[in-house]
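Next come the chains, spelled out residue by residue.
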Amino acid sequence: MSGSVGGPPIQESYRLRRDAELRIGADGALTLRQTRFQLSLEQPGMGRRALLLRLAADWVNDVEVGRLISGLEGENRVLPAQLLLRRLLAHSWLERRVQVDDRPLLDLLPTGLGRGSLPETRPHTPGVRYRLSRFATLQHDRDMLVAASALSTLVVGCADAALGAVLAAAAPGVGPDVVARTLGVPPDVAGRVLDELTTARVLVTDAEFEAECDEAPLAYWSPEELRLHHRSRAGRHALPVGGTYRMRERFTPQPLRRPYDGSRAVELPLPDLATIAKEEPSFSQVVADRRSVREHDDAAPLPLERLAEFLYRSQHTTAVGEAGGQEVGHRPYPGGGGVYELEIYPLVARCAGLDPGLYHYDPVGHRLEPVAAWGTAADRLLAYARASGALPRPPQTVLVVTARVQRLMWKYEGMSYAMILKDAGVLTQQMYLVATAMGLAPCALGAGDSQAFAELSGLDPLVEPSVADFLLGSRRATGPAAGEGRP
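Bear in mind the structure is a predicted one, so any value in this text is a computation, not a measurement.

Focus on the overall build of the protein
Line of reasoning, step 1. From N to C terminus, the protein includes 15 helices and 23 strands.
Line of reasoning, step 2. Over its C-alpha atoms the protein spans a radius of gyration of 29 Å, topping by over 25% the 23 Å that the globule rule assigns to 487 residues.
Line of reasoning, step 3. Overall, the C-alpha framework of the protein stretches about 90 × 55 × 40 Å when taken along its three principal axes.
Line of reasoning, step 4. A separation threshold of at least 6 residues defines the contact pool for the protein, and within that pool the share at least 24 residues apart is 72%.
Line of reasoning, step 5. Counting only carbon and sulfur atoms, one obtains 53% of the accessible surface of the protein, whose full area is about 22400 Å².
Line of reasoning, step 6. Averaging the coordinates of the 54 positive side-chain charges in the protein and doing the same for the 58 negative ones gives two points 3 Å apart.

So, a nonpolar patch on the surface
Line of reasoning, step 1. Taken together, the side chains of Leu-228, Tyr-417 and Leu-421 present a nonpolar region at the surface, about 230 Å² in accessible area.
Line of reasoning, step 2. Here Leu-421 is to be found in helix H14 (residues 416–438).

Some words on the sheet that holds strand S17 (residues 342–348)
Line of reasoning, step 1. Read from one edge of the open sheet, seven strands run S14-S19-S18-S17-S20-S23-S22, paired in antiparallel fashion. Two strands lie at the open edges of the sheet, namely strand S14 (266–267) and strand S22 (441–445), each paired on one side alone.
Line of reasoning, step 2. As paired strands, strand S18 (residues 357–362) and strand S19 (residues 367–372) are joined by five bridges and run antiparallel to one another. Among the inter-strand pairings, Asp-362 is bridged to a residue of S19, identified as Arg-367.
Line of reasoning, step 3. Of the strands in this sheet, S17, strand S20 (397–403), S22 and strand S23 (466–473) touch helix H12 (residues 376–389), which is tilted by about 100 degrees from S20.

Some thoughts on the nonpolar core
Line of reasoning, step 1. With 41 residues, the main nonpolar core has Leu-307, Phe-310, Leu-342, Leu-354, Leu-368, Met-431 and Leu-472 as its most contacted residues.
Line of reasoning, step 2. Sorting the residues of this core by element identifies helix H11 (304–315), S17, S18, S20, helix H13 (405–409), H14 and S23 as the ones contributing at least two each.
Line of reasoning, step 3. The residues contacting Leu-368, other than those within four sequence positions of it, are Arg-264, Ala-265, Val-266, Leu-268, Leu-304, Leu-311, Pro-346, Leu-354, Tyr-359, His-360 and Tyr-361.
Line of reasoning, step 4. In terms of nonpolar packing, the next biggest core, distinct from the first, is built from 30 residues, Val-98, Val-100, Leu-108 and Ala-147 among them.

What about the side chain of His-296?
Line of reasoning, step 1. For His-296, the location among the structural elements is in the loop between helix H10 (283–289) and H11.
Line of reasoning, step 2. On the accessibility criterion, His-296 (5% relative accessible area) is buried.
Line of reasoning, step 3. At 3.0 Å, the side chain of His-296 forms a polar contact with the backbone nitrogen of Gln-396.

A look at the pairing of strand S15 (residues 318–323)
The side chains of a regular strand alternate between both faces of the sheet.
Line of reasoning, step 1. With respect to burial, S15 is a largely exposed element, only zero of its six residues being buried.
Line of reasoning, step 2. Pairing of S15 with strand S16 (residues 326–330) involves five bridges; the strand directions are antiparallel. By the bridge assignment for S16, Gly-321 is matched with Val-328.

Describing the pattern of salt bridges
Line of reasoning, step 1. Counted under the stated rule, the structure contains 24 salt bridges.
Line of reasoning, step 2. Salt-bridge contacts for Glu-267 lead to Arg-367; the nearest nitrogen and oxygen are separated by 3.3 Å. Of this pair, Glu-267 sits in strand S14 while Arg-367 sits in strand S19, placing them 100 residues apart in sequence.
Line of reasoning, step 3. Given a relative accessible area of 18%, Arg-367 falls into the buried group.
Line of reasoning, step 4. Salt-bridge contacts for Arg-367 lead to Asp-362; the nearest nitrogen and oxygen are separated by 3.7 Å. The same class applies to Arg-367 and to Asp-362, which are both buried.

What to know about helix H7 (residues 206–214)
An α-helical turn contains 3.6 residues, so a residue and the one three or four places further along point in the same direction.
Line of reasoning, step 1. Of all the positions in H7, only Phe-209, Ala-211 and Glu-212 are classed as buried. Along the long axis of H7, the arc covered by the buried residues comes to 160 degrees, so they all point the same way. Counted as exposed and oriented over 90 degrees from the buried face of H7: Ala-207 and Asp-214.
Line of reasoning, step 2. Of the surrounding secondary structure, the elements contacted by the buried residues of H7 are strand S8 (130–132) and strand S12 (203–205).

Considering the packing of helix H5 (residues 176–183) against helix H6 (residues 187–199)
Line of reasoning, step 1. Across the interface, H5 lies against H6 with an axial gap of 8 Å and an inter-helix angle of 110 degrees. Classed by the angle they form, the pair H5 and H6 counts as roughly perpendicular. Across from Pro-176, Val-179, Ala-180 and Leu-183 in H5, the residues of H6 making contact are Ala-190, Val-193 and Leu-194.
Line of reasoning, step 2. Taken together, the residues of the contact of H5 with H6 sort by class into seven nonpolar, no polar and no charged.

Looking at the sheet that holds strand S11 (residues 154–157)
Line of reasoning, step 1. One open sheet holds the seven strands; their spatial order is S5-S1-S6-S7-S11-S10-S9, and the pairing between them is antiparallel. A single partner strand is all that each edge strand has here, and the edge strands are strand S5 (60–61) and strand S9 (136–141).
Line of reasoning, step 2. When S9 meets strand S10 (residues 144–149), the two strands line up antiparallel, connected through six bridges. By the bridge assignment for S10, His-140 is matched with Leu-145.

Topic: the environment of Glu-343
Line of reasoning, step 1. For Glu-343, the position within the fold is in strand S17.
Line of reasoning, step 2. Overall, Glu-343 belongs to the buried group, its relative accessible area being 1%.
Line of reasoning, step 3. With 19 residues separating them along the chain, Glu-343 and Gly-324 place their C-alpha atoms 22 Å apart.
Line of reasoning, step 4. Excluding residues that lie within four positions of it along the chain, Glu-343 makes contacts with Arg-258, Gln-315, Arg-331, His-360, Tyr-361, Pro-363, Val-400, Val-401, Thr-402, Arg-404 and Glu-464.
Line of reasoning, step 5. Of note is the side chain of Glu-343, whose polar atom sits 2.8 Å from the side chain of His-360.

Some remarks on the packing of aromatic side chains
The description of an aromatic ring pair rests on the distance of the ring centres and on the angle between the ring planes.
Line of reasoning, step 1. Taken as a whole and assessed by the stated rule, the structure comprises five aromatic pairs.
Line of reasoning, step 2. Taking 5.7 Å as the distance between ring centres and 85 degrees as the angle between the ring planes, the aromatic pair formed by Tyr-245 and Trp-410 counts as edge-to-face. A residue pair is termed long-range when its members are at least 10 positions apart, and Tyr-245 in the loop between strand S13 (242–243) and S14 and Trp-410 in the loop between H13 and strand S21 (412–413) qualify at 165 residues. In this structure, Tyr-245 and Trp-410 share a single accessibility class: buried.
Line of reasoning, step 3. Judged by centre distance (5.5 Å) and plane angle (75 degrees), the ring pair of Tyr-345 and Phe-453 falls under edge-to-face. Placement of Tyr-345 in strand S17 and of Phe-453 in helix H15 (residues 450–457) is noted, with a sequence separation of 108 residues between them.
Line of reasoning, step 4. Taking the relative accessible area as the measure of exposure, Tyr-345 reaches 2% and is therefore buried.
Line of reasoning, step 5. Among the residues examined, Phe-453 registers a relative accessible area of 2% and is labelled buried.
Line of reasoning, step 6. By the ring-pair criterion, three or more aromatic residues cluster together here, those being Phe-310, Tyr-432 and Phe-470.
Line of reasoning, step 7. One Lys or Arg, Arg-131, reaches over the ring of Phe-209 and ends 3.9 Å from the middle of that ring.
Line of reasoning, step 8. Taking the ring centre of Tyr-432 as reference, the NZ or CZ of Arg-290 above it sits at 5.1 Å.

Rules used in this analysis
Residues numbered from 1 in each chain as written. Predicted model: local features only at pLDDT ≥ 70, side-chain atom pairs only at ≥ 80, totals over all residues. Heavy atoms only, no water. Helix = DSSP H or I, 4+ residues; strand = E, 2+ residues; numbered from the N terminus. Rg over C-alpha atoms; globule rule 2.2 N^0.38 Å. Contact = heavy atoms within 4.5 Å. Areas by Shrake-Rupley, 256 points an atom, 1.4 Å probe, with all protein chains shown as cover. Lys, Arg positive; Asp, Glu negative; His and termini not counted. Charge placed at Lys NZ, Arg CZ, Asp CG, Glu CD. Patch = residues over 30% accessible without salt bridge, like charges linked within 9 Å, V, L, I, M, F, W, Y side chains within 5 Å. Salt bridge = Lys/Arg side-chain N within 4 Å of Asp/Glu carboxyl O. Pairing = 2+ DSSP bridges. Axes fitted to C-alpha atoms, helices over the stretch in contact; angles between N-to-C directions. Core = buried A, V, L, I, M, F, W, Y, C linked by side-chain atoms within 4.5 Å. Buried < 20%, exposed > 50% of the residue type's maximum accessible area, 1.4 Å probe, protein only. Polar contact = N/O pair within 3.5 Å; in protein donor to acceptor, adjacent residues only side chain to side chain. Arc of directions from axis to C-beta. Parallel < 35°, antiparallel > 145°, perpendicular 65-115°, else oblique. Nonpolar A, V, L, I, M, F, W, Y, C, P; charged D, E, K, R; others polar. Phe/Tyr/Trp six-rings, centres within 6.5 Å; stacked < 30°, edge-to-face > 60°. Lys NZ or Arg CZ within 6 Å of the ring centre and 35° of its normal.

Next comes the structure, spelled out in structure tokens:
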């Protein structure tokens, strides 16, 4: 606890981080648990046991710690209790609150765990202006506004709503005087608030802000991409990552096979894989020959039989069984946990034997389900695909890959969307190799018009968003294909 001359004292309070729990064993040992981490205290003693129970229940400050321990074990046991408190703080087991008298100002919430998980203290420099970091985000959590930066392992909770006004004012830049005036606190308290916000990298200096925007390596990163990277990987945080089955008790898992109206389906011929294997080039040759081909043979558009073979060899799905209460399957390419959340929607512009329109490929029944007739949204989707792929003419077919996100997110936590993108990359390579082996013209796109696809398909982008796009058509029979090249 510290204070200022003639002003209210600045206090710190502590409590067990909310994503951790205190467990009491049959032998009286205490264990702190947080997802994959734990800390055991086999013989904590009466005072430290009482301290841990208080920390698990509510905020407690240093004065209250002294009173608690001295009342139970005497003043000579206060220091060991304080050492335990500092150890828990240093290893990020505790949240910290800064307040003035009975007025909480901000909470400091660690995201990591263990030694070295807290950022280095970054005290503010008098006379320097501080700005909201380009990587700072503000969101609602735990009934308060919280500010976080992808560059820090410390999150700031706005225990006082006026702190939100400070962050808003920090967009162009603030100093201690603005913080003091906005919060209605003395200068030393305002300086302490600045210290905490700069340590958490929510606020940065003008020079640091310019480096975030204009200098390598930070200028390369968008805030969204950096947050996704950190959240989907373990190490910088202690949040759950992996197959936690977090929705098991709340929702029924989606089936492996996407429901469809089978009465309208277009049955597809099955390819003779044994004969195909004898006639096609070796795998090594296919890998060596793989190229993006950006021109289709409009004189001989892709026939339905060839499209059917391509889809079968790329994504044919067989049911395997159940894992963790969820149906899993097998496809020609690996997918996270055998969940196989990806679906293929061919937007057919020209295909011999098939009407133009949007279809859904049923990889279990090997059939196409008509989704929508051609319309203005299809024109937009096709035009964007042509421009994105740098094609001289419109492609014959655009294969839009979607993700049934609820199927994957039912099991996985923290890494679900990152896994979807990885799965989409694996599927893209599978489609490249199949198309190359079949002598077709493949080309993956860096992006597609997700809004046009949502309008055309009628799919809710929060339920089944498009995540990848792939162009497919017939390849010119003789001579090198125009527009051929890497990747």
